[in-house]
Amino acid sequence: MANPPKTRVDVHVHLTRYWRDLAGTAYRPDLAYTPKGLLAELDRAGVGTALAIAIQHAPNVAATLEEGRSLLAESGGRLRLVSTVDPTSGEEKIAEALALWAKSPELTAIKLFPGYLPFYPHDRRLDPVYEFAEQHRLPVMIHQGDTLERNGLLKFARPIEVDEVAVRWPRVQFVLCHLGNPWVDETAELVYKNLNVWTDCSGLLPNPTVRYFRETFEQARSLLTSVVATVGDADRVLYGSDWPLESIAMAVNLVETLPIPEEEREKILGGNARRLFRLD
Ligand SMILES: [Zn+2]
């Protein structure tokens, strides 16, 4: 595309000093893992804005905010701040997180990592977090499905476990990350049934050097198409890459080649995210 629209939004990237094993997990071992490197990739794919999501390995909430603020400044506002909290860290730590977030108008969303960390999304310890999200109109993104780490516990990361909180907190917007892969049918049902549930299609593509990359790409396309078909529209489906795991260009290409009308594809590539995260 000669002049791709900068209105596109990648809702799921990670640019953090706490990322472990970059060389082993990035889609390319020589990746420029810097704001400059990321912005160049976003530019090439016509993506204007990305949500830079803190990860569960950050030492504390203050560190996620500090890192997020510096990315926001360094990128001229293009890399948005998404913080995270570990609900198993205790009531006091959660209260500390809320106090810090309350003083952070730059906060764009909150991310939770069930599966990587041993808790269910309907864990009552999260009630203050959901209450805060409701009050401040902050979407809550929830890791779903496969974990990059072998010691993760998948039972905590199933979309069906989000149903209860989606019902309990109807004014909170929830994003099921990675289409809930491999439980994509559960994700489609949750998005269909709960009008406050969204999903992102990040992290579906393997490293481009694996033997069955082409087949996996086709599989991801058909999974994504099946979610849109089950829900009946693409209004709550969001483009994301999970960079550095996927190249931005390839992740965009996955959406651009979906067999659905172009205006639906552009909603996935940006319009939906701008509405959900109030980016305009
Ligand atoms: Zn991720």
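The structure we're discussing is the one just above.
What you see is a predicted model, and the numbers here were worked out from it, not measured in a lab.

Colleague: Whenever I open this one, the overall build of the protein confuses me. Can you help?
Modeller: Each helix and strand in the protein was counted, giving 10 helices and 8 strands. Overall size of the protein, expressed as C-alpha extent along the three principal axes, is 50 × 40 × 40 Å. Residue burial in the protein is summarised as follows: out of 280 residues, 45% are buried. Sequence-distant contacts, at least 24 apart, represent 78% of the contacts inside the protein between residues at least 6 apart.

Colleague: Whenever I open this one, the environment of Leu-153 confuses me. Can you help?
Modeller: Structurally, Leu-153 can be placed in the loop between strand S5 (140-142) and helix H6 (163-168). For Leu-153, a count of 13 C-beta atoms within 10 Å translates into the label partly exposed. Between the C-alpha atom of Leu-153 and that of Pro-114, which follows or precedes it by 39 residues, the distance is 8.2 Å. If near-sequence neighbours (up to four positions away) are discounted, Leu-153 is found in contact with Gly-115 and Pro-118.

Colleague: Just to check I follow, could you spell out helix H5 (residues 127-135) for this structure?
Modeller: Quick reminder: α-helices carry 3.6 residues per turn. Residues three or four places apart thus point the same way. Those residues of H5 not exposed but buried are Val-129, Tyr-130, Phe-132 and Ala-133. Each buried residue of H5 sits inside an arc of 160° when the element is viewed along its axis, so together they form one side. Those residues of H5 that are buried are in contact with helix H4 (91-102), strand S4 (107-112), S5 and H6.

Reading the values: rules and limits
- Residues numbered from 1 in each chain as written.
- Predicted model: local features only at pLDDT ≥ 70, side-chain atom pairs only at ≥ 80, totals over all residues.
- Helix = DSSP H or I, 4+ residues; strand = E, 2+ residues; numbered from the N terminus.
- Buried ≥ 20, exposed ≤ 12 C-beta atoms within 10 Å, placed from the backbone.
- Contact = placed C-beta atoms within 7 Å.
- Arc of directions from axis to C-beta.

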